[in-house]
Amino acid sequence: MGYTRDYILAKCTEAFKDKKTFYKQPFINYRGKTEDTDEYFTEIIAEFLCTHITEFIDGIDTITREETYKTKGHDGVIKDPDSGRDEEIIAMKMYDKTYDFVGKIIDYQTPLKNKRSDEAGKIDLLAHNGTTLRILELKKPDSDETMLRCVLEGYTYWKTVDKSKLLSDFNLPADTIIKACPFVFKCGKQHDEMKEARPHLKKLMALLESKPYYISEEKDKYIVTED
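All values derive from a computational prediction rather than experimental measurement.

Here's the deal with the state of the cysteines
Here the structure, examined in full by the defined rule, presents 0 disulfides. Of all cysteine sulfurs, the one in C50 lies closest to C12, which takes part in no disulfide; the gap is 11 Å. The thiol of C150 is not disulfide-bonded; the next cysteine sulfur, from C181, is found 9.8 Å away. By relative accessible area, C150 is classed as buried at 1%.

In structure tokens form, the structure reads like this:
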């Protein structure tokens, strides 16, 4: 049985009761189109969020982490290459290197929780280019997650983090601009989506100032581009 537009909208309305966990909902990763209106599922969700953008933004609270955001022991050394945590391994390989458009990777797996019960994940990568600190939401090359999920997860982390403390903990100027950006592979499904007609997704990304960057691998080196 296929899903209808009303079914997806009902899912949105229910999930919207908790904005900070909206990105985690399984339907955010639904691929394909509705059986009644032939719309991409993610386009309906993005349209819903665009319509309720102020409520969405205001509904995600900041968590101030009492401990430092800069975790001791983050040195980029991969201790278990067979762990299966592919995204974390990619992040560690990129650590302490500088890439076009995003700058130097200064941390990975940056914690957001203050206490164990907090509903918050970890920032995949932090990149600094001298003026801007980017919260990069990384997806591995074969990730099945949608670009919508990537955008919403990164933005939720941007809203959750105590930005002033984050800058202080990494000894960055207080006037540093902080942005959240999808960081996906050029060969991946998220990049494919961006080549399609996805007006509501792209409008939502503009509203959230969520600019994507794309990774490719050449001769065992990662290359970052804007398209």
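Now that the structure has been shown, the text picks up again.
Some thoughts on unusual backbone geometry
Here Q109, not a glycine, exhibits a phi torsion of approximately 50°, which is positive. Relative to the assigned elements, Q109 resides in strand β2 (residues 103–111). Exposure remark for Q109: the relative accessible area of 18% places this residue in the buried category. Even without being glycine, D220 reaches a positive phi, approximately 65°. Mapping D220 onto the fold places it in the loop between β6 (213–218) and β7 (221–225).

Quick notes on helix α2 (residues 41–51)
Across the 11 residues that make up α2, a large majority, 9, are buried. Listed as buried for α2 are F41, T42, E43, I44, I45, A46, F48, L49 and C50. Contacts made by the buried residues of α2 are with α1 (5–15), α3 (53–58), α5 (147–160), α7 (189–194) and α8 (199–207).

Quick look at the pairing of strand β4 (residues 132–138)
Burial of β4 is extensive: 7 of the 7 residues sit out of reach of the surface. The alternating pattern of β4 places T132, R134, L136 and L138 on one face and L133, I135 and E137 on the opposite face, and all of these are buried. As paired strands, strand β3 (residues 122–128) and β4 are joined by 4 bridges and run antiparallel to one another. The residue bridging L126 from the neighbouring strand is I135, located in β4.

A closer look at a positive patch on the surface
A cluster of basic residues, K24, K113, R116 and K122, forms a positive patch on the protein surface. As for its position among the elements, K113 is in the loop between β2 and β3.

A closer look at α5
Helix length check: α5 (14 residues) gives 20 Å between terminal C-alpha atoms against 20 Å at 1.5 Å per residue, within 8%. Burial within α5 is extensive, with 13 of its 14 residues counted as buried.

Quick notes on the rules
Residues numbered from 1 in each chain as written. Predicted model: local features only at pLDDT ≥ 70, side-chain atom pairs only at ≥ 80, totals over all residues. Heavy atoms only, no water. Disulfide = S-S within 2.5 Å. Buried < 20%, exposed > 50% of the residue type's maximum accessible area, 1.4 Å probe, protein only. Helix = DSSP H or I, 4+ residues; strand = E, 2+ residues; numbered from the N terminus. Contact = heavy atoms within 4.5 Å. Pairing = 2+ DSSP bridges. Patch = residues over 30% accessible without salt bridge, like charges linked within 9 Å, V, L, I, M, F, W, Y side chains within 5 Å. Areas by Shrake-Rupley, 256 points an atom, 1.4 Å probe, with all protein chains shown as cover. Salt bridge = Lys/Arg side-chain N within 4 Å of Asp/Glu carboxyl O. Lys, Arg positive; Asp, Glu negative; His and termini not counted. Charge placed at Lys NZ, Arg CZ, Asp CG, Glu CD. Expected span 1.5 Å × (residues − 1).

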